[in-house]
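As a plain string of letters, each chain reads:
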Amino acid sequence: MTQLQNPSPLAALDQANKSLASHPKGGISAPDQVTVTAVTHWTDKLFSFQTDRPPGFRFQSGEFAMIGLVDDEGKAVTRAYSIASPHWDDHLEFYSIIVPDGPLTSRLRHVQIGDKIILRSKTTGTLGLARLRDGQRLYLLATGTGFAPFAALIRDPEIYERFEQVILVHGCRTIAELGYSQKIVADSRAHPLIGEMVTRQLHYVPSVTRENFTQTGRITTLLADGKLASSLSLPPLDPAFDRIMICGSIGLNQDIAAQLLEKNFHEGNLSSPGDYVIERAFVGDGI
Ligand code: FAD
Ligand code: A2P
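Read on for an overview of the structure.

Reading the values: the criteria
- Residues numbered from 1 in each chain as written.
- Chains lettered and ligands numbered in written order.
- Predicted model: local features only at pLDDT ≥ 70, side-chain atom pairs only at ≥ 80, totals over all residues.
- Heavy atoms only, no water.
- Helix = DSSP H or I, 4+ residues; strand = E, 2+ residues; numbered from the N terminus.
- Buried < 20%, exposed > 50% of the residue type's maximum accessible area, 1.4 Å probe, protein only.
- Contact = heavy atoms within 4.5 Å.
- Areas by Shrake-Rupley, 256 points an atom, 1.4 Å probe, with all protein chains shown as cover.
- Near = heavy atom within 4 Å.
- Polar contact = N/O pair within 3.5 Å; in protein donor to acceptor, adjacent residues only side chain to side chain.
- 1 Å grid on protein atoms, 1.4 Å probe; cavity = no way out; pocket = protein on both sides within 12 Å on 5 of 7 lines; lining within 4 Å.
- Sits in = over half its atoms within 2 Å of the grid points.
- Pairing = 2+ DSSP bridges.
- Axes fitted to C-alpha atoms, helices over the stretch in contact; angles between N-to-C directions.
- Right-handed = clockwise from strand over helix to strand, strands pointing away.
- Salt bridge = Lys/Arg side-chain N within 4 Å of Asp/Glu carboxyl O.

**A look at the overall build of the protein chain**
So, point 1. From N to C terminus, the protein chain includes 9 helices and 11 strands.
So, point 2. The burial tally for the protein chain puts 49% of its 287 residues in the buried class.
So, point 3. Here the analysis covers contacts within the protein chain between residues at least 6 apart in sequence; of these, 74% occur between residues at least 24 apart.
So, point 4. Within the structure as shown, the protein chain displays about 13,300 Å² of accessible surface, and the carbon and sulfur contribution to it stands at 50%.

So this is what it looks like as structure tokens:
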């Protein structure tokens, strides 16, 4: 992570941003390849990896980029990936599923330190703070690899300036699948620059559906029966105070959006910031 000596976390991160901003997007063109600098396998289906960050590569926390590999015929195979590291960090991080026969991940699963991967320079996405109206609490609701954009956002000081409380709910089938989010949250709480904000303002609610755990049940159920809010001693969801970001399978996204519409929440966009925003964690029905 960026090493900074300024005692104030926000001033230090601001300084890091300015140094990144001194390489304007489009100024120095970001090369299409980055080098893998770390790899961690969490389960037989989930891994994360870090790469170096080209000086001209700029993005907002929560956005995604196209990454990939060159296949045996020399053709680039790229897919959308949320960037799991925050915008101020000096490396890039990704969190990936392994689809056994997937054109990209059947090969990406084997990447090692020193390997090159393709990174396209354009970034985009709907999980941006600019699309949300001000509020008191921000709920981040993710299943599976849908946690990736929130791994970036919970490390971005701006969310703690905009919202008094941030509630991160990560739903998975098994406890082992929570490994990555548990580590990111623990490291963020201990981080010398953002740790204090994270410890004070972030509530982390991991939940599993196919094993016994301290918290069990689908996110949709936890929201609908009010268990989520009551377990944190928070009032029921209310569009006057609560903002929501959702990232999961099509089914999860649709089911939560339906619940929010019933409660009078409005989807936000750049021209008309609203109460919630949604991003697909992947295209298709899941594996
Ligand atoms: P594909 O042919 O792309 O997918 C095959 C099938 O696998 C899909 O039809 C679907 O049923 C299933 N699948 C694909 N991705 C997932 C997943 N993540 N979780 C569960 N089932 C899946 N994937 C990540 O692993 N990490 C990310 O951060 C990420 N961010 C994304 C952001 C956006 C906006 C979108 C649209 C997709 C994102 N994906 C992410 C999915 C990613 O683009 C690929 O689909 C995935 O890496 C598998 O690629 P593949 O070529 O091996 O298989
Ligand atoms: P469940 O085990 O009951 O299917 P997946 O690994 O299939 O992407 O699922 C990740 C998590 O998301 C699982 O806990 C799964 O619960 C849950 N899930 C899947 N579909 C939905 C949905 N439509 N609404 C809420 N949670 C869902």
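That shown, we press on.
**Description of the site of ligand 2**
So, point 1. All residues in the neighbourhood of ligand 2 are listed as T143, G171, C172, R173, T209, R210, R218, T220, G251, L252 and D255.
So, point 2. G251 places a main-chain nitrogen or oxygen 3.4 Å from a nitrogen atom of ligand 2.
So, point 3. Measuring from a nitrogen atom of ligand 2, one finds a backbone N or O atom of L252 at 3.3 Å.
So, point 4. Judged by the fraction of its atoms near the pocket grid, ligand 2 is located in the largest pocket.

**So, the sheet that holds strand β9 (residues 202–208)**
So, point 1. Spatial ordering of the open sheet is given by β9-β8-β7-β10-β11, a layout of 5 strands whose pairing is parallel. Taken across any chain shown, the strands that pair with only one partner, and hence form the sheet edges, are β9 and β11 (276–280). Across the sheet, the mean angle separating the axes of adjacent strands is 10° when strand polarity is ignored.
So, point 2. Where strand β10 (residues 242–248) lies against β11, 5 bridges are found, and the strand directions are parallel. Bridge pairing links I244 to Y276 in β11.
So, point 3. On the sheet, helix α5 (residues 179–190) packs against β8 (165–172) and β9 and is oriented at approximately 165° with respect to β9.
So, point 4. Lying over the sheet, helix α9 (residues 250–262) contacts β7 (137–143), β10 and β11, oriented at roughly 160° with respect to β10.

**Remarks on the side chain of Q215**
So, point 1. Checked against the element boundaries, Q215 lands in the loop between β9 and α7 (219–224).
So, point 2. With residues near it in sequence (within four places) discarded, Q215 still touches V205, P206, S207, V208, L222 and S231.

**Thoughts on the environment of L141**
So, point 1. With respect to the element layout, L141 can be found in strand β7.
So, point 2. C-alpha of L141 to C-alpha of T220: the two residues are 79 residues apart in sequence and 9.6 Å apart in space.
So, point 3. Excluding its chain neighbours within four sequence positions, the residues that come into contact with L141 are F150, V169, I219, L223, I244, M245, I246, C247 and I256.

**A short note on the pairing of β10**
So, point 1. Burial analysis of β10 places 7 of its 7 residues in the buried class, which makes it a mostly covered element.
So, point 2. Of the two faces of β10, the one holding D242, I244, I246 and G248 and the one holding R243, M245 and C247 are both buried throughout.
So, point 3. As defined by bridge partners, β7 adjoins β10 across 6 bridges and the pair is classed as parallel. Directly across from L140, in β10, lies its bridge partner M245.
So, point 4. Note on the crossover from β10 through α9 to β11: the handedness is right-handed.

**Some remarks on the pattern of salt bridges**
So, point 1. Tallied over the entire structure, the rule returns 8 salt bridges.
So, point 2. In this structure, E93 and R155 form a salt bridge, with 3.5 Å as the shortest nitrogen-oxygen distance. One end of the pair, E93, is in strand β5 (residues 91–97); the other, R155, is in the loop between α3 (148–153) and α4 (157–162), with 62 residues separating them in the sequence.
So, point 3. Judged by relative accessible area, R155 falls into the buried class, the value being 4%.
So, point 4. Of the charged contacts, one joins D242 and R137 as a salt bridge, the two residues approaching to 2.6 Å between their closest N and O atoms. Here R137 lies in strand β7 and D242 lies in strand β10, a separation of 105 residues in the sequence.

Keep in mind these values describe shape, not function.
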